[in-house]
Amino acid sequence: MAVTIEGFAHPDALDPADQEALVAIYNACWSEWNPRHVPWSREAGLARSRLSPPPHVIQYHLARTAGGEVVGTAELHWRDGEDGSAGLGRIFVHPGHRRQGVATGLYERCVAAARAAGLVGITLEAVEGHADLEPVLERHRFTRDLLLEQNLTEVDRIDEALLRAWAAAGEALEGYSLVTYDAPAPEDLAAPFVEARHVLNTAPLREGEPEAHYTVEELRAAEACIESGHQDWWAVGVRHEASGAIVGLSEMYLPRLEPHLAIQGDTGVHPEHRGHGLGAWMKAVNHLRLAAERPEVRLVQTWNASSNEPMLRINRALGFQPVQRYRSWYKAFARPSGPGAAAG
């Protein structure tokens, strides 16, 4: 099938008919991969697209038939200004238009865009064990990389007694105290929480994913994106009393246009302060609040690297189970060599 691949600035910039088609493609794919997916409205789908602040860059592409129908889309993600960064490509093709060259066209555009941006390589995500796609990726010399789990739990199945026990154990710890806020962060907490966020660099990373360098400016941009995406953001941290530093953080996001859902965001504890139950304490606080203040929330979703056993152990205790696993496949770009290579 002949399609044209066209770039676009952002889903908000598309006309309403293309927005409807784009969200329909996302819903078709996510419903296929995640049986618990509740289809997004156009407004909710667009809100999801507003959550990535600078220096996070996303290039968008559409696949359109000769008759003008939008049948696929691709996103290329990277953090601008991080040396040695690879792009992360995500390709979505409507189930009714697969095996017709649509994914190939979108893939080629993502590769060209990644090369043009000076990235060191590209990662593509695919459902683990995809019988059609994996041989194609291997033929294109992609190698297997990080395995991610999309995990879900039902709020009414979380053991409240366990949460209260985790919270009580945290409160009994000597030398640590809890710090919480709802975004935006107060001025006196913004920089300490940004510094604490660097602990996320100790989590499993994809090939070509360099350590991130966070700033207060990025935090403020993220808060603006979360607000434009119609989400609430609950942050919990643990302060080490002797140093005054925030040594752990955990986040929960609540999409206002998807009131059945909460999203467990990043959780991390500084390596020097692990082994005290700080991660469980922070998660318990947010989950107890969720049950008390948001009775309409039925599901909590999170993403974890399958190799992150300490975090998976906490999540399994909360009833999280994988609904899907996604494999990252990485391909490094050949570096230019010879005279004049540095100028290219």
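That block above? That's the structure.
Residues numbered from 1 in each chain as written. Predicted model: local features only at pLDDT ≥ 70, side-chain atom pairs only at ≥ 80, totals over all residues. Heavy atoms only, no water.

Novice: Tell me what's going on with the overall build of the chain, and back it up with residues and numbers.
Specialist: A count of helical and extended segments in the chain gives nine helices and twelve strands. Based on the C-alpha atoms only, the size of the chain along its principal axes is roughly 65 × 50 × 35 Å. Scored against the burial criterion, the 344 residues of the chain give a buried share of 50%. Restricting the contact set of the chain to residue pairs at least 6 apart, pairs at least 24 apart contribute 71%. For the chain, the accessible surface area stands at approximately 16100 Å², while carbon and sulfur atoms represent 52% of it. (Helix = DSSP H or I, 4+ residues; strand = E, 2+ residues; numbered from the N terminus. Buried < 20%, exposed > 50% of the residue type's maximum accessible area, 1.4 Å probe, protein only. Contact = heavy atoms within 4.5 Å. Areas by Shrake-Rupley, 256 points an atom, 1.4 Å probe, with all protein chains shown as cover.)

Novice: Can you explain the sheet that holds strand β2 (residues 56-65)? Please cite residues and give values.
Specialist: Pairing within the open sheet is mixed, and its twelve strands lie in the order β1-β2-β3-β4-β5-β12-β6-β11-β10-β9-β8-β7. Looking at the sheet topology across the chains shown, the edges are occupied by β1 (3-8) and β7 (176-182). On average, adjacent strands in this sheet sit at an angle of 25° to one another, irrespective of strand direction. In this sheet, strand β5 (residues 121-127) lies alongside strand β4 (residues 87-93) in parallel orientation, the contact comprising three bridges. The residue of β5 that forms the bridge with Leu-88 is Thr-123. (Pairing = 2+ DSSP bridges. Axes fitted to C-alpha atoms, helices over the stretch in contact; angles between N-to-C directions.)

Novice: Before we move on, could you go through the nonpolar core and cite the residues and values that matter?
Specialist: In this structure, Leu-163, Trp-166, Val-238, Ala-262, Leu-278, Leu-290 and Leu-318 are the most contacted members of the largest nonpolar core, which totals 27 residues. Elements supplying a minimum of two residues to this core: α5 (160-171), β8 (231-240), β9 (246-255), β10 (261-269), α8 (278-293) and α9 (309-317). The greatest single-element share of this core, amounting to seven residues, is contributed by α8. If we ignore the near neighbours within four places in the chain, the residues touching Trp-166 are Ala-280, Trp-281, Ala-284, Ile-314, Ala-317 and Leu-318. (Core = buried A, V, L, I, M, F, W, Y, C linked by side-chain atoms within 4.5 Å.)

Novice: Give me helix α3 (residues 102-116): which residues, what numbers.
Specialist: The terminal C-alpha atoms of α3, which comprises 15 residues, lie 21 Å apart, in line with the 21 Å expected from a rise of 1.5 Å per residue. For α3, the full list of buried residues reads Val-102, Gly-105, Leu-106, Tyr-107, Cys-110, Val-111, Ala-113 and Ala-114. Elements that come into contact with the buried residues of α3 comprise β1, β2, β3 (70-79), β4, β5 and β12 (321-332). A positive backbone phi angle near 80° is found at Gly-118, which sits one or two residues after α3. (Expected span 1.5 Å × (residues − 1).)

Novice: Account for the side chain of His-77, naming residues and giving values.
Specialist: Along the chain, His-77 falls in strand β3. Of the polar contacts made by the side chain of His-77, one reaches the side chain of His-56; its length is 2.9 Å. Leave out the neighbours within four places in its chain, and His-77 touches His-56, Val-57, Ile-58, Ala-86, Gly-87, Leu-88 and Arg-90. (Polar contact = N/O pair within 3.5 Å; in protein donor to acceptor, adjacent residues only side chain to side chain.)

Novice: Give me the packing of helix α6 (residues 187-197) against helix α7 (residues 216-228): which residues, what numbers.
Specialist: Direction vectors running N to C along α6 and α7 enclose 110°, while the axes themselves pass 9 Å from each other. It follows from the interaxial angle that α6 and α7 lie roughly perpendicular. Between α6 and α7, the contacting residues are Glu-187, Ala-190, Ala-191 and Val-194 on the first element and Val-216, Leu-219 and Arg-220 on the second. Its residues placed into classes, the contact of α6 with α7 shows five nonpolar, no polar and two charged. (Parallel < 35°, antiparallel > 145°, perpendicular 65-115°, else oblique. Nonpolar A, V, L, I, M, F, W, Y, C, P; charged D, E, K, R; others polar.)

Novice: Go over the environment of Gly-101, please, and point to the residues and values.
Specialist: The residue Gly-101 is located in the loop between β4 and α3 in this model. Between the C-alpha atoms of Gly-101 and Val-3, which are 98 residues apart in sequence, the distance is 8.2 Å.

Novice: If you had to explain the environment of Gly-87 to someone new, which residues and values would you point to?
Specialist: Counting through the fold element by element, Gly-87 comes out in strand β4. For the pair Gly-87 and Gly-208, spaced 121 residues apart in sequence, the C-alpha to C-alpha distance is 7.9 Å. The contact partners of Gly-87, leaving out residues within four places of it in the chain, are Leu-76, His-77, Trp-78, Leu-119, Gly-121, Ile-122 and Thr-123.

Novice: Got a sec to walk through the side chain of Asn-34? Specific residues and values, please.
Specialist: Among the secondary structure elements, Asn-34 is positioned in the loop between α1 (16-33) and α2 (42-48). At 2.9 Å, the side chain of Asn-34 forms a polar contact with the backbone nitrogen of Arg-36. Those residues in contact with Asn-34, other than ones at most four positions away along the chain, are Gln-150, Leu-152, Gln-301 and Val-323.

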